[in-house]
Amino acid sequence: MAGDEEAVELVGGSEAAADDEGVMSASLYDRFDQWRSHRYILPRHYKLQTEEDTRKYSLWSVNFMITCSAINTKMLNPNFAIMCNPYSGNPASFESTSPFGFNSATYFIPMCTLIGVAIASIFIGTMSDRLGRKSLMLVLGWISAVGSIVKYFTRHTFWGFCISNFIFGFFLGNLPIGMAYVGDIEQNQKKKEQLLGMVVGCFVLGSSGGGIIAVLMADVGLFAPLWVGAGLMVIANILSHKYMIEPAKNVVEKPIDIDIEDKFTLNEDDEDVKRPEVIDQKTLWNIVGGALLDNIGSTGLFPLCLSPLALETYYAQFEMKGEEPVMSILAYQWLSVCVALLVIPSTQMTPWFFERLGVAGVCVFGNSCTAIVTSLLLMIGTAFPATNLSFGFFVFSMYAGFPFTVFSQLTTGPMLDAIAPSDKIGFVQGLNNASMNFGMALAPWVFGLLADATSTTAAIITGICFSVAAALANAPLMRHPLMGKQAPKPPAQKRIFKGEDEEIVQKMLSGSYVDPELTLEIAKHRAMNGMPTVVPRVRPYGEEKETLGKLAKDASATFEFRRELADRILAGLASGKDDPENLEFSKEELVQFLNTVSRGDNQDQELIHQATTDLGVWMGDYLEDNGYSPHTASVLMKQMFMTAFPRLTDDGPELTEENLEEYLIRNRRVMNSYAEHKKKTSLLGIFAQNAGGYHGHGWW
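Throughout this document, residue positions are counted from 1 along each chain, in the order its sequence is written. Residue-level local features of this predicted model are given only where pLDDT is at least 70; pairs of side-chain atoms are given and counted only at 80 or more, and the full residue set underlies all totals for whole chains, interfaces and linings. As a convention, hydrogens and water are excluded, and side-chain values are obtained from all of the structure's heavy atoms.

So, the overall build of the protein
Part 1 of the reasoning: In terms of helices and strands, the protein carries 27 helices and two strands.
Part 2 of the reasoning: Scored against the burial criterion, the 700 residues of the protein give a buried share of 46%.
Part 3 of the reasoning: Per-residue and other accessible areas were derived by the Shrake-Rupley procedure at a 1.4 Å probe size, with only the shown protein chains allowed to occlude residues. Accessible surface, the protein as shown: approximately 36,300 Å² in total, 60% of it carbon and sulfur. By the criteria applied, helices consist of DSSP H or I runs no shorter than four residues and strands consist of E runs no shorter than two, each listed in order from the N terminus. For every residue, the accessible area (1.4 Å probe, protein chains only) is compared with the maximum for its type, and the residue is labelled buried under 20%, exposed over 50%, or partly exposed between those bounds.

A short note on a nonpolar patch on the surface
Part 1 of the reasoning: Together, Y57, W60, I235, L239 and Y243 give the surface a local cluster of nonpolar side chains, amounting to about 470 Å² of exposed area.
Part 2 of the reasoning: Taken together, the elements giving at least two residues each to the nonpolar patch come down to helix 4 (52–73) and helix 11 (225–243).
Part 3 of the reasoning: A total of three residues in the nonpolar patch trace back to one element, the largest contributor, which is helix 11.
Part 4 of the reasoning: Considering the arrangement of structural elements, one finds Y243 in helix 11. Nonpolar side chains (Val, Leu, Ile, Met, Phe, Trp, Tyr) are joined into patches within 5 Å and like charges within 9 Å, using only residues with over 30% relative accessible area and no salt bridge. Take a side-chain nitrogen of Lys or Arg and a carboxyl oxygen of Asp or Glu: if they are within 4 Å of each other, that pair is a salt bridge.

Considerations on the confidence of the model for the protein
Part 1 of the reasoning: pLDDT runs from 0 to 100 and stands for how confident the predictor is about each residue. With 85% of its residues at a pLDDT of 70 or more, the protein has an overall mean of 80.
Part 2 of the reasoning: Contact between two residues is taken to exist if any of their heavy atoms lie within 4.5 Å; hydrogens are not considered. Every residue in residues 683–700 scores below 50 in pLDDT, and together they form six contacts with partners more than four places removed in sequence or on other chains.

Here's the deal with the packing of aromatic side chains
Part 1 of the reasoning: Each pair of aromatic rings taken from Phe, Tyr and Trp, with Trp reduced to its six-membered ring, is defined by centres within 6.5 Å and is described as stacked if the planes are under 30 degrees apart, edge-to-face if over 60, and tilted in the remaining cases. Scanning all chains against the criterion turns up 31 aromatic pairs.
Part 2 of the reasoning: Between W352 and F353, the aromatic rings sit 5.1 Å apart at their centres with planes inclined by 80°, giving edge-to-face as the arrangement.
Part 3 of the reasoning: Using a relative accessible area of 48% as the deciding quantity, one classes W352 as partly exposed.
Part 4 of the reasoning: The buried category is assigned to F353, whose relative accessible area is 14%.
Part 5 of the reasoning: When the centroid spacing of 5.7 Å and the interplanar angle of 20° are considered together, the rings of F353 and F365 count as stacked.
Part 6 of the reasoning: Linked through ring pairs, F94, F100, F108, F158, W159, F161 and F223 together constitute an aromatic cluster.
Part 7 of the reasoning: Placement of a positive charge over a ring is assigned whenever Lys NZ or Arg CZ falls within 6 Å of the ring centre and within 35 degrees of the normal to the ring plane. Positioned over the ring face of Y152 is R155, at 4.1 Å from the centre of the ring.
Part 8 of the reasoning: Just above the ring of Y243 sits the side chain of K242; from NZ or CZ to the centre is 5.4 Å.

Some thoughts on a negative patch on the surface
Part 1 of the reasoning: Taken together, the side chains of E588, E589, E657 and E658 present a region of like negative charge at the surface.
Part 2 of the reasoning: Its place among the elements puts E658 in the loop between helix 26 (634–644) and helix 27 (660–695). The charge count includes Lys and Arg as positive and Asp and Glu as negative, but it does not include His or the ends of the chains. Positions of charges follow a simple convention, taking NZ of Lys, CZ of Arg, CG of Asp or CD of Glu.

Observations regarding helix 16 (residues 388–405)
Part 1 of the reasoning: In a regular helix each residue adds 1.5 Å, so 18 residues correspond to 26 Å; helix 16 covers 25 Å between its end C-alpha atoms and thus fits that length.
Part 2 of the reasoning: Turning to helix 16, its buried residues number three or more, namely S390, F391, F394, S397, M398, G401, F402, P403 and T405.
Part 3 of the reasoning: Considering only its buried residues, helix 16 is in contact with helix 12 (281–301), helix 13 (305–321), helix 14 (329–338), helix 15 (343–383) and helix 17 (407–418). One less than the number of residues in a helix, times 1.5 Å, gives the span that helix is expected to have.

Details of the nonpolar core
Part 1 of the reasoning: Grouped together as the largest cluster of nonpolar side chains are 95 residues, with contacts concentrated most on F158, F161, F223, M327 and F394.
Part 2 of the reasoning: With ten residues, the top contributor of residues to this core is helix 6 (residues 102–131).
Part 3 of the reasoning: Counting 21 residues, the second largest nonpolar core, distinct from the first, contains F353, L416, V428 and M483. Throughout this description, the term nonpolar core refers to a set of buried Ala, Val, Leu, Ile, Met, Phe, Trp, Tyr and Cys residues connected via side-chain atoms within 4.5 Å.

Brief notes about the environment of S408
Part 1 of the reasoning: Within the secondary structure, S408 sits in helix 17.
Part 2 of the reasoning: Between N or O atoms, a polar contact is any pair within 3.5 Å; within protein, one atom must be a potential hydrogen donor and the other a potential acceptor, and residues adjacent in sequence are included only when both atoms are from side chains. A polar contact of 3.0 Å, which involves the side chain of S408, links it to the side chain of D294.
Part 3 of the reasoning: Only 3.2 Å separates the side chain of S408 from the backbone oxygen of T405, close enough to count as a polar contact.

Description of the pattern of salt bridges
Part 1 of the reasoning: With the rule as written, the count across this model stands at 14 salt bridges.
Part 2 of the reasoning: Its salt-bridge partner being R563, residue E676 comes within 3.0 Å of it at the nearest N-O pair. Taken as a pair, E676 in helix 27 and R563 in helix 23 (residues 548–578) lie far apart in primary sequence, 113 residues in all.
Part 3 of the reasoning: In this structure E676 comes out as partly exposed when scored by relative accessible area, which is 28%.
Part 4 of the reasoning: On the accessibility criterion, R563 (14% relative accessible area) is buried.
Part 5 of the reasoning: Among the ionic pairs, R668 bridges to D567, the shortest N-O distance being 2.2 Å. Here D567 lies in helix 23 and R668 lies in helix 27, a separation of 101 residues in the sequence.
Part 6 of the reasoning: Within this structure, D129, R133 and D184 form a network of salt bridges that share partners.

Structural notes on unusual backbone geometry
Part 1 of the reasoning: P99 follows S98 through a cis peptide bond whose omega is 10°.
Part 2 of the reasoning: As for its placement among the helices and strands, P99 is situated in the loop between helix 5 (80–83) and helix 6.
Part 3 of the reasoning: Each neighbour pair has its own omega, and for F302 with P303 the value is 25°, a cis peptide bond.
Part 4 of the reasoning: Here P303 lies in the loop between helix 12 and helix 13.

Details of the packing of helix 12 against helix 15
Part 1 of the reasoning: Note on definitions: angles span 0 to 180 degrees between N-to-C directions of axes, and those axes are lines fitted to C-alpha atoms, for helices only across the stretch in contact. Their axes nearest at 9 Å, the elements helix 12 and helix 15 cross at an angle of 25°. Regarding the angle of helix 12 to helix 15, the classification is roughly parallel. Relative to helix 15, the crossing made by helix 12 is left-handed. Counting all contacts with helix 12, which are made through D294, G297, S298, G300 and L301, the residues of helix 15 involved are N367, T370, V373, T374 and L377. Any angle between 65 and 115 degrees counts as roughly perpendicular, while under 35 counts as roughly parallel, over 145 as roughly antiparallel, and the rest as oblique. Crossing chirality is assigned from the near helix's rotation relative to the far helix, an anticlockwise turn below a right angle marking it left-handed and a clockwise turn marking it right-handed.

Some remarks on the side chain of R133
Part 1 of the reasoning: Along the chain, the position of R133 falls in helix 7 (residues 133–153).
Part 2 of the reasoning: You can call R133 buried: its relative accessible area is 1%.
Part 3 of the reasoning: In terms of polar contacts, R133 uses its side chain to reach the side chain of D129, at 2.8 Å.
Part 4 of the reasoning: Of note is the side chain of R133, whose polar atom sits 2.6 Å from the side chain of D184.

Here's the deal with the packing of helix 9 (residues 175–185) against helix 10 (residues 189–216)
Packed helix pairs are characterised by how far apart their axes lie and by the angle those axes make with each other.
Part 1 of the reasoning: Where helix 9 contacts helix 10, the axes come no closer than 9 Å and their chain directions differ by 160°. Compared by their axis directions, helix 9 and helix 10 come out roughly antiparallel. Of the two elements, helix 9 crosses helix 10, and the hand of that crossing is right-handed. On helix 10, the residues touching L175, G178, M179, V182 and G183 of helix 9 are K192, L195, L196, V199, V200 and F203.
Part 2 of the reasoning: Here the residues of the contact of helix 9 with helix 10 are counted per class, giving eight nonpolar, two polar and one charged. In this classification, the charged set is Asp, Glu, Lys and Arg, the nonpolar set is Ala, Val, Leu, Ile, Met, Phe, Trp, Tyr, Cys and Pro, and all remaining amino acids, among them Gly, are polar.

Below, the structure written as structure tokens:
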């Protein structure tokens, strides 16, 4: 009783301390019962790590916020040429853009916004590392919504509008937060590259979407789209508040390093990001410098090849002569906003190029494509007469080539992420966004001044030179181990997946003997999860020649297990005929499982064929080394093979509900004959040893 009373006194105490194990257990169980009745709230970051839908909605809300911010950044771009032309006939145009001319004024307005974005990007990434991604994203979003409204009320003067664009540009730079967010929640390198591409794709899509809204609202007013931008930012903020989840700090699962001798596989963890502890400064500034050169060079392609090149060649010169232009202003606006939509196919193509060229190789390829496409457009726009045919070639060349030019911009994020420690992801992505926006802000304006002072051709040729310089600057990165072309990955059938016993699967993959029951468990696990089955390495005969005795010894367990497995399945099917409601499995399920394991749609058929060929070579080498003459007795060898391996199916390897039972019966017959044969030979071996011990020679 004393013990019971002491236990009661300990229950519910703030500190449970007793030497008696029973007392501690009673107290612990009582507290556990109390805890079970209490209401609890699971921290959302656990759901972000474990629930696919939660993770998906969180990423969608981030991408939507970035898209809306990009819409607000580029919302009025198609209207700038009209705003800065006092003679456009539009009452909303600025009366004066002094001291700038038309080209430089047209590019000065977006420059103000992008300069603000670029300056803010330097600090926003680092601030999000310290303060959290979500809170900073929401602060920027709400201020941007207010900023669109303020910009509308400063529309009456050129300088008032420019100043408001500059101030609120500081709050539109949330792209580095989104890219850092991807770095926080995704550790698989291949998936991370795809998600970063989607983030950049949303940014470019938003840039195009803003222009489309401006074109569609042309009759409403040059500045009216700002109200749409404000509304979109409000919606984006509400969605982010509801669905975006702040990732937990220091709770990232670390990938497990494995070091297995004679490793023939790649563990799935090997694709996870292993972040460095410090930033490689030389590589960092190489990437940032190359990105800056690339963004300056890209200005030669877009917008200079559209305005002023296409605008002058296919519209202005005809308008000045009072003739019908080849390209209307509306067509120009649609061309300028829709070209950015081509980033969508770019994001779909980049993973394919990443695998073949490496991330840095794709970057150099994109720089080169920018120089080539820009040169081609310059030649079409200046060397050929301005006709409908030449204009058609101009548009075709721009739209066909633009997706490849975007590659270089889609690679900077993954390259910077690869060299970033976990606490510097926001910082490096901020530098990336800053370099991009500085280039996008200053280059068009400077090139506009250059075009006004010299010629459009000179400005575009300068852009081509910068693209070539970007390719040369990025070329050394192709030798970086994380950014160059990666060694080809083993197929999925040759990998160890998470949750599997590495030692067992490694033995299977290397072609070593593994207990057949364990082999079946792994095959079942993979089939249930839609993963391809293990295709073991077929060891060459010469490699196994000295261990054939062990290989034969292990055969008994395999034959008996296979026979028993067939027995169990046949018994289960038979009981199902008598009592269908208690059937443990249906024929349909069994057929699907067996076909998936052997030759499912997720299997690499080439790999299966190679394993079959290697096994044939092994058999040939065995025959040749053990007294047979396969080269002279091939017909006999075929007959022996067919006797040893009778047909299991009559209509090809595919199993159906109709031939399943016959397949299992034939399989059992084969396994039973082998198992019984092994028993007899083992028994004869024992008799031989005993007989030899008593009589000196065997009785045979």
